[in-house]
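The primary structure of each chain is shown beneath.
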Amino acid sequence: MHRITECEPLKTLDDVLSWDDKSDWSVFVKPLKSTSKYCYESNSFHCHKRVRKPIKALRSCVPKTLVCHDMKGGYLDDRFVNGTKYKDQYLFYHWPAIDTFVYFSHYFITIPPLMWINAAHFHGVEILGTVITEFNEGKKIWDQLLTNDDMMESFISKLVSICKHYNFDGYLMNIENSIDKPHLPKLITFLEKLKSQLGTRKVIWYDSVSLTEGTLTWQNELNKHNKTAFEICDGIFLNYGWKEINLETSLRNSGGRQLDVYVGIDVFGRGVFGGGGFNTDKAMEVVRSNGLSMALFATGWTYETQASDDKFFEVERKFWAKLWPHLYIHLLDTLPFKITFNQGVSHEPFTSSMLWYNLANQEYNLPMPSCLSDNFETGCTSHFFDDGVSGGCSVMLNYKESETQFHRLLLCDFSCSLEVPLKLTIVSKWPSEYSPFKLILWVENEIRNYTIILQVSKDNEPVSADGYDYSSPAGLIKQINAEKVTKFRDNEWISNEFSLPFDGKITGIDAQLQDTVLIGLLSLE
């Protein structure tokens, strides 16, 4: 059988109606990881301040964040099933702060490429494809579908089969052409049937064609022209030209479903409140003040317009650091958990000059992008691409001044029990002067909250007692040395293994430093 090495869209109605499930890259799709029902308000704590209780909330009760990826037409080097040599490709690594990712292109049916599906699913983020029709050609497609019941039924069936076959999580419906008014009831029926057959998979309606008049008129709010679609679908993606009064109208019309109203924000700033770009946070602030969800469009603006390849992480950090106060951090809740901080691009191996690019290899990232820098001389935390334990990269935690001795590594919701001791492994390296450091595990259970302090060292040598109380009651701090300290391969990486029998949930892991350190692997099982 011919092996499919590239992911492709479906460009015509005939392509969709004749599609079959013989293409084989679907076997590599990873399932969607579960996440906790809780999240944290990201502006409720700082990376370096030892705040014991950042604000926790139910995810079902807070506004959501959707990112719609539009990068130079889509299907660039990200289309390759096995990755490719690296050449100026956009990296997205802010998964802990978003709920839904949409892979967008201007082809008729956009099937998300494998590497984007797997990167999203690894982080517990739903990923949608796109159904888009535009201009006169788009109108012709819907004229065919809405006047032929058998064709429409077949089209719906194919959309559902495609979605299930590649295991992505639904569609953004983007009809940017007029629909003859007599055909509108059939279009509404199409939406109802598509949503019904997709079941728990999502359908989000883009604010474009009017479902009362059939004209292509963007409303920039939830109103009578698009409310029928909103009531059928899982949400609406509002157009970008809104003013605050439009948000107030949308809130009134949402019928208690304001969290399903995704207010569009075009990062390129085309007709957007605040002007987009590095002022995107101004629009986000207004959206959140109205209690609505938001849809960020074309966050790759940072790469397309602002950054040469060697400056990407610096620009990306600057952009997302301004957005961070308006986001919510989502928590992984399933063990085993293992990360080597792979960003989907690196040298392989490190002694080689060849670079590879494959987002399917991407792993969980630190939840504090405001502390991520491309320059470890000035930044708190940096991706370090010159060394790692898996061919990706490591994370450098920098110790320069007193305020950077604490680093928040992970926010989580992992349940542990006395019956099955938790095995925690950390692999680290000291790039300059050797100095042991500590991992701080925040633990909570039905009785109390406390910390477990793990001493990470090179030879399991004795270490001094901890001098901090971490806001815990006296006597509730547990300090533990590693059970096993070994060399990890032959390049100075050191593995510390701990066995931790306790009842409760780990809600976070911090590092306390006395000098700069590289972290290459962290696993809990």
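About the criteria used
- Residues numbered from 1 in each chain as written.
- Predicted model: local features only at pLDDT ≥ 70, side-chain atom pairs only at ≥ 80, totals over all residues.
- Heavy atoms only, no water.
- Helix = DSSP H or I, 4+ residues; strand = E, 2+ residues; numbered from the N terminus.
- Buried < 20%, exposed > 50% of the residue type's maximum accessible area, 1.4 Å probe, protein only.
- Contact = heavy atoms within 4.5 Å.
- Areas by Shrake-Rupley, 256 points an atom, 1.4 Å probe, with all protein chains shown as cover.
- Axes fitted to C-alpha atoms, helices over the stretch in contact; angles between N-to-C directions.
- Parallel < 35°, antiparallel > 145°, perpendicular 65-115°, else oblique.
- Left-handed = near helix turned anticlockwise from the far one by under 90°.
- Nonpolar A, V, L, I, M, F, W, Y, C, P; charged D, E, K, R; others polar.
- Core = buried A, V, L, I, M, F, W, Y, C linked by side-chain atoms within 4.5 Å.
- Expected span 1.5 Å × (residues − 1).
- Arc of directions from axis to C-beta.

Peer 1: What am I meant to see in the overall build of the protein chain here?
Peer 2: In terms of regular secondary structure, the protein chain is built from 10 helices and 28 strands. Expressed as a percentage of the 525 residues in the protein chain, the buried residues total 60%. The long-range share in the protein chain, meaning contacts at least 24 apart out of those at least 6 apart in sequence, stands at 75%. Total accessible area computed for the protein chain in this model is approximately 20800 Å², and 49% of it derives from carbon and sulfur atoms.

Peer 1: Looking at this model, I keep getting lost on the packing of helix 8 (residues 280-289) against helix 10 (residues 312-323). Mind explaining?
Peer 2: Axes are the key here: two packed helices are described by the angle between their axes and the distance separating the axes. Two elements in contact, helix 8 and helix 10, have axes whose closest approach is 8 Å; the angle formed by their N-to-C orientations is 20 degrees. Judged on the interaxial angle alone, helix 10 and helix 8 are roughly parallel. As helix 8 packs across helix 10, the resulting crossing turns out to be right-handed. On helix 10, the residues that touch Thr280, Asp281 and Met284 of helix 8 are Phe319, Lys322 and Leu323. Residues of the contact of helix 8 with helix 10, tallied by class, amount to 3 nonpolar, 1 polar and 2 charged.

Peer 1: Would you mind showing me how to read the nonpolar core here?
Peer 2: Within soluble globular proteins, side chains that are nonpolar generally end up buried alongside one another. Residues Phe190 and Trp205 are the most contacted members of the largest nonpolar core, which totals 118 residues. Ignoring sequence-local partners within four residues, the contact set of Trp205 consists of Met173, Ile175, Leu187, Leu191, Leu211, Asn226, Ala229, Cys233, Gly235, Ile236 and Phe237. By size, the runner-up hydrophobic cluster in this structure holds 39 residues, among which are Cys412, Cys416, Leu439 and Ile452.

Peer 1: When you look at helix 3 (residues 135-146) in this model, what are you seeing that I'm missing?
Peer 2: An α-helical turn contains 3.6 residues, so any two residues separated by three or four positions project in the same direction. For helix 3, spanning 12 residues, the distance from its first C-alpha to its last is 17 Å, which sits close to the expected 16 Å at 1.5 Å a residue. Every buried residue of helix 3 is listed here: Gly138, Lys139, Ile141, Trp142, Leu145 and Leu146. On an axial view of helix 3, the arc spanned by its buried residues comes to 155 degrees, and they lie on one face. With respect to the buried face of helix 3, the exposed residues turned more than 90 degrees away are Asn136 and Glu137. Taken together, the buried residues of helix 3 touch helix 1 (13-17), strand 7 (126-134), helix 4 (149-165), strand 8 (170-176) and helix 5 (184-198).

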